Amino acid sequence: MRSAILFSLCIVVGLGIFLRQVWGRFNLLRAARPVKLFDRIPERIQAVLVYAFGQKKFVRPEAAIVRETAAGWMHFFIFWGFTVLGVQVLTMFARA
């Protein structure tokens with residue numbers, strides 16, 4: 001009997017903590033304002049090419065200052081390795 005009460009108390013406390021966190025995030029979403037997503041399209045496409053596909057954030061010269069050059073290049077090659085692997089898997093599925 002005592003373990004059932006203790007278990008129920010743990011469930012109630014856990015749900016309370018979870019609901020409090022969800023409520024805080026919900027309030028952040030309600031406070032957000034809409035953003036124009038379709039302005040500056042050429043600039044946005046260039047940013048995707050440079051930062052997402054080019055991985056500029058990880059292979060920039062400033063990374064050498066904080067001695068993260070090796071980690072940045074490893075991230076670059078891992079990203080492109082998985083990208084090539086993903087394209088190969090999609091091609092094999094398409095051939096089926």
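Refer to the structure above for everything that follows.
Residues numbered from 1 in each chain as written. Predicted model: local features only at pLDDT ≥ 70, side-chain atom pairs only at ≥ 80, totals over all residues. Heavy atoms only, no water.

Undergrad: I would appreciate a short explanation of the pattern of salt bridges in the present structure.
TA: A side chain with one charge can pair with a side chain of the opposite charge if their charged atoms come near. For the structure shown, the criterion picks out one salt bridge. Note that R44 is salt-bridged to D39, the shortest N-O span being 3.0 Å. Judged by its relative accessible area of 26%, D39 is partly exposed. (Salt bridge = Lys/Arg side-chain N within 4 Å of Asp/Glu carboxyl O. Buried < 20%, exposed > 50% of the residue type's maximum accessible area, 1.4 Å probe, protein only.)

Undergrad: Looking at this model, I keep getting lost on unusual backbone geometry. Mind explaining?
TA: Glycine aside, residues mostly have negative phi, and peptide bonds are mostly found in the trans state. Residue Q55 is not a glycine yet carries a positive backbone phi of 55°. Of note in this structure, A96 is not a glycine but carries a positive phi near 20°. As for its placement among the helices and strands, A96 is situated in the segment after α4 (69-95). (Helix = DSSP H or I, 4+ residues; strand = E, 2+ residues; numbered from the N terminus.)

Undergrad: Explain helix α2 (residues 41-53) to me, please; I cannot follow it from the model alone.
TA: For α2, with 13 residues, the first-to-last C-alpha span of 17 Å sits near the 18 Å given by 1.5 Å per residue. Among the residues trailing α2, Q55 stands out with phi positive, at a value near 55°. (Expected span 1.5 Å × (residues − 1).)

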